[in-house]
Amino acid sequence: MPGEPAIERSLPGRLNKDGIRIHEREDFAGMAAAGRLAAEILDRIAPHVEPGASTAELDARIQAMIEEAGATSATIGYKGYRHATCISVNHVVCHGIPSEKRLKPGDILNIDVTVIVDGWYGDTSRMYVAGPPARKAERLIDITHDALMAGIEQVQPGNTFGDIGAAIQRFAEAHRCSVVRDFCGHGLGRVFHAPPNVLHYGRWGTGPVLEPGMFFTIEPMINLGRPETKVLEDDWTAVTKDRSLSAQFEHSIGVTETGCEIFTLSPAGLFHPTWKREG
Ligand code: MF3
Ligand code: CO
Ligand code: CO
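Residues numbered from 1 in each chain as written. Chains lettered and ligands numbered in written order. Predicted model: local features only at pLDDT ≥ 70, side-chain atom pairs only at ≥ 80, totals over all residues. Heavy atoms only, no water.

Engineer: Tell me about the coordination of the cobalt ion (ligand 3), and name the residues and values.
Structural biologist: In a perfect tetrahedron of four donors around a metal, the angles come out at 109.5 degrees. In a perfect octahedron of six, they are 90 or 180 degrees. Donor atoms from the polypeptide that bind the cobalt ion (ligand 3) are D112 (OD), D112 (OD), D123 (OD) and E250 (OE), placed at 2.0 to 2.4 Å. One can describe the site at the cobalt ion (ligand 3) as irregular: its six donor atoms subtend angles covering 58 to 168° at the metal. All donors of the cobalt ion (ligand 3) belong to a single chain; written as a sequence motif, their spacing is D-x10-D-x126-E. Between the cobalt ion (ligand 3) and the cobalt ion (ligand 2), a separation of 3.3 Å is found, and both are coordinated by D123. (Donors = N, O, S within 2.8 Å, 3.2 Å for Na, K, Ca; no water. Tetrahedral: all angles 85-135°; square planar, octahedral: opposite > 155°, others 65-115°.)

Now the structure itself:
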C-alpha cells in the first residue's frame, strides 16, 4: 500500500484489496487478552470516579494498573502524548488530557485506555459519572451506548463499513442527537491505528465489505447539540463548538465467520451503565 508504514507491510496475515489486514484465527486470542485487560482496568477505576477526584489521579491509578499487569500503555509517547488515558469531561468530545482539575457532582466523563499485551492492542472507553447525572446527561449516555451497540449489530461478513456508520447515525439522529464527524474508529491489531477509518455515520451498503479476521474499533462520539468540534490550544482536547454535552463508548472487535467477537467486554458487567449498579 502506498504510504503504509513499513511495520504494517512486514506483519503476518495479509492485506485485502481495500488495504485492510485480515488476521489469522489464532490472532483472536492475542486481541482477547489485550482487550480483557483494558476492560478490567476500566472496571477497576469505576469506584474511584467520584466528585473531588482529579482526572490526573484517575490516570495515575490506571497507569499503575497497566504496569502491575506487566503490560504497556499505547498512548504514553504516542505522537508526544504523555498519559495512560484520555479523560474527556462534559463538553469534551475526546482526547481530554488528565489534569489536576477535580470532578464536580454531576460531571460526566469518558475514560479511554489502550494497552499493549504481547504486542496486541486493546482499546476501549466508556462513560462514568461523578455522582448522579442530570436526566439529559444520562439520556445522552444511554443513547451513545445503544448507538455503539447498533453499529456492532451490523458486524458480520458481507455487510459493509457503511452499514456500521448508517446504523449508528440512524439511531443517534432518531433520538435528536448528532454524530461527531471529525473523529472515527480505526483498524488495530499489532498496531494502534491502521486502515480503515471506521466512520460513525454513512450510507447503507457503501464502503469496504467486512471479512472475517478484520480487527477494528467502533467508538462513536454523540452530542446533545451540533456535531462540530474544535481542538483547543493544547493541540489535543477536542470540544463541542456549541459547548453541548458529548458522550462516547468504544469497543475493539474482530469479525468472525458468523458475526463478531467483542474483545473489550467488561468482566464485571460494568461497561454500561457504570453507576446504576452501585446500589
Ligand atoms: N484511544 C484513542 C482511540 O480510541 C486514541 C488516543 S491517542 C492519545 O483511538 F494519544 F490521545 F492518547
Ligand atoms: Co480507538
Ligand atoms: Co480509545
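Engineer: Give me helix α4 (residues 135-153): which residues, what numbers.
Structural biologist: Helix length check: α4 (19 residues) gives 27 Å between terminal C-alpha atoms against 27 Å at 1.5 Å per residue, within 8%. Residues of α4 that are buried include every one of A137, L140, I141, I143, T144, H145, A147, L148, A150, G151 and I152, and no others. (Helix = DSSP H or I, 4+ residues; strand = E, 2+ residues; numbered from the N terminus. Expected span 1.5 Å × (residues − 1). Buried < 20%, exposed > 50% of the residue type's maximum accessible area, 1.4 Å probe, protein only.)

Engineer: How would you sum up the coordination of the cobalt ion (ligand 2)? Please name residues and give values.
Structural biologist: The coordination sphere of the cobalt ion (ligand 2) contains the protein donors D123 (OD), H186 (NE2), E219 (OE) and E250 (OE), at a distance range of 2.0 to 2.2 Å. For the cobalt ion (ligand 2), the six donor atoms in the first shell make angles of 51 to 160° at the metal, so the coordination geometry reads as irregular. Within one chain, the residues serving as donors to the cobalt ion (ligand 2) are arranged as D-x62-H-x32-E-x30-E.

Engineer: Quick one: what's the story with empty space enclosed by the protein, residue by residue and with numbers?
Structural biologist: Per the counting criterion, the structure on display carries one cavity of 30 Å³ or more. By volume, the largest cavity is sized at about 70 Å³. Lining the largest cavity are twelve residues, with R21, H23, L188, A194 and P195 positioned closest to its centre. Here the residues of the lining of the largest cavity are counted per class, giving six nonpolar, three polar and three charged. (1 Å grid on protein atoms, 1.4 Å probe; cavity = no way out; pocket = protein on both sides within 12 Å on 5 of 7 lines; lining within 4 Å. Points joined across faces, edges and corners; volume = space filled by probe spheres on them. Nonpolar A, V, L, I, M, F, W, Y, C, P; charged D, E, K, R; others polar.)

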